[in-house]
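Architecture and fold: a report
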Amino acid sequence: MKKEAILVSACLLGVCCRYDGASKPNADVIKLRERYVLIPICPEVDGGLPTPRTPSEQVGDRVLMSDGKDVTDNFRAGAEAALERAKTFSCNIALLKARSPSCGSGMIYDGSFSGRLTEGNGVTADLLKKNGITIYTEEELDKLI
Ligand code: SF4
């Protein structure tokens, strides 16, 4: 039977694309390749930001780096690229990194750069949800499997 394709945050697959130049490989996520075709995305890189980069958080309806630089356009471009990839590969599900200002779903950092969380979605998670794609984080794998 043909495997279903799902979007996955590239950092969970071991790609060193995080703001600090590291990755967050998750063995249970990588194992999902037995069941799904995993389509990696990194919206921040796809939106034109370098790695490593200054960390960003959503502040109101903008996305700012901790030094105040406005990177909203980069985040939106990365979200559009993720949606385009979802359409290309007919993905109805995305498994995205929790709490990220791009990929987070349900809870994200609150814009104070203090580690505090608030309810909300990352820019990419939000756009994907609005287009009917079901989002899970790596902390909700039990719901996906
Ligand atoms: Fe990972 Fe998403 Fe951040 Fe890229 S934008 S490093 S995929 S959490």
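Just above sits the structure.
Described below are features of the structure shown in this document. (Residues numbered from 1 in each chain as written. Predicted model: local features only at pLDDT ≥ 70, side-chain atom pairs only at ≥ 80, totals over all residues. Heavy atoms only, no water.)

Here's the deal with the environment of arginine 62
Looking at the secondary structure, you find arginine 62 in strand 4 (residues 62-65). Here arginine 62 falls in the partly exposed class, since its relative accessible area comes to 30%. For the pair arginine 62 and glycine 78, spaced 16 residues apart in sequence, the C-alpha to C-alpha distance is 14 Å. Discounting chain neighbours no more than four positions away, the residues touching arginine 62 are Glu57, Asp70, Thr72 and Arg76. (Helix = DSSP H or I, 4+ residues; strand = E, 2+ residues; numbered from the N terminus. Buried < 20%, exposed > 50% of the residue type's maximum accessible area, 1.4 Å probe, protein only. Contact = heavy atoms within 4.5 Å.)

Structural notes on the site of the ligand
Near the ligand there are 14 residues, and of these Cys11, Ile41, Cys42, Glu44 and Cys103 occur at the shortest range. Counted by class, the shell around the ligand contains 7 nonpolar, 3 polar and 4 charged residues. (Near = heavy atom within 4 Å. Nonpolar A, V, L, I, M, F, W, Y, C, P; charged D, E, K, R; others polar.)

A word on the packing of helix 3 (residues 72-88) against helix 4 (residues 123-130)
Relative orientation of the contacting elements helix 3 and helix 4 amounts to 40 degrees, with a least axis distance of 8 Å. Taken together, the axes of helix 3 and helix 4 lie oblique to each other. In the packing of helix 3 onto helix 4, the handedness of the crossing is right-handed. Where helix 3 approaches helix 4, its residues Phe75, Arg76, Gly78, Ala79, Glu80, Ala82 and Leu83 are matched on the opposing element by Val123, Thr124, Leu127 and Leu128. Residues belonging to the contact of helix 3 with helix 4 are distributed by class as follows: 7 nonpolar, 2 polar and 2 charged. (Axes fitted to C-alpha atoms, helices over the stretch in contact; angles between N-to-C directions. Parallel < 35°, antiparallel > 145°, perpendicular 65-115°, else oblique. Left-handed = near helix turned anticlockwise from the far one by under 90°.)

Focus: the environment of alanine 86
Here alanine 86 is to be found in helix 3. A residue is classified by how much of its surface remains accessible, and alanine 86, at 3% relative accessible area, is buried. Put simply, alanine 86 and glutamate 140 are 54 residues apart on the chain and 20 Å apart in space, counted from C-alpha to C-alpha. Once residues within four sequence positions are removed from consideration, alanine 86 is found in contact with Leu7, Cys91 and Ile133.

A look at the nonpolar core
Counting 23 residues, the largest nonpolar core has Leu7, Ala94, Leu96, Leu128 and Ile133 as the members making the most contacts within it. Every element with two or more residues in this core is listed here: strand 1 (4-9), strand 2 (36-41), strand 4, helix 3, strand 5 (93-96) and helix 4. In terms of residue count, the dominant contributor to this core is helix 3 (5 residues). With sequence-adjacent residues up to four places away left out, isoleucine 133 is seen in contact with Leu83, Ala86, Cys91, Asn92, Ile93, Ala94 and Leu128. Counting residues in hydrophobic clusters, the runner-up holds 12 residues, among them Leu12, Leu32, Tyr36 and Ile93. (Core = buried A, V, L, I, M, F, W, Y, C linked by side-chain atoms within 4.5 Å.)

Let's talk about a nonpolar patch on the surface
Residues Met107, Tyr109 and Leu117 make up a contiguous nonpolar surface patch of about 240 Å² in total accessible area. By the secondary structure assignment, leucine 117 is in strand 7 (residues 117-119). (Patch = residues over 30% accessible without salt bridge, like charges linked within 9 Å, V, L, I, M, F, W, Y side chains within 5 Å. Areas by Shrake-Rupley, 256 points an atom, 1.4 Å probe, with all protein chains shown as cover. Salt bridge = Lys/Arg side-chain N within 4 Å of Asp/Glu carboxyl O.)

A look at the sheet that holds strand 2
Read across the open sheet, the 4 strands follow the order 2-1-5-8; overall the sheet is parallel. Each end of this open sheet is capped by a strand with a single partner; those strands are strand 2 and strand 8 (134-137). Averaged over all neighbouring strand pairs, the angle between strand axes comes to 30 degrees, with direction disregarded. Two elements, strand 5 and strand 8, share 4 bridges in a ladder whose sense is parallel. When the bridges of strand 8 are listed, leucine 96 appears paired with threonine 137. (Pairing = 2+ DSSP bridges.)

From the geometry alone we can't say anything about function, so treat these as descriptive.
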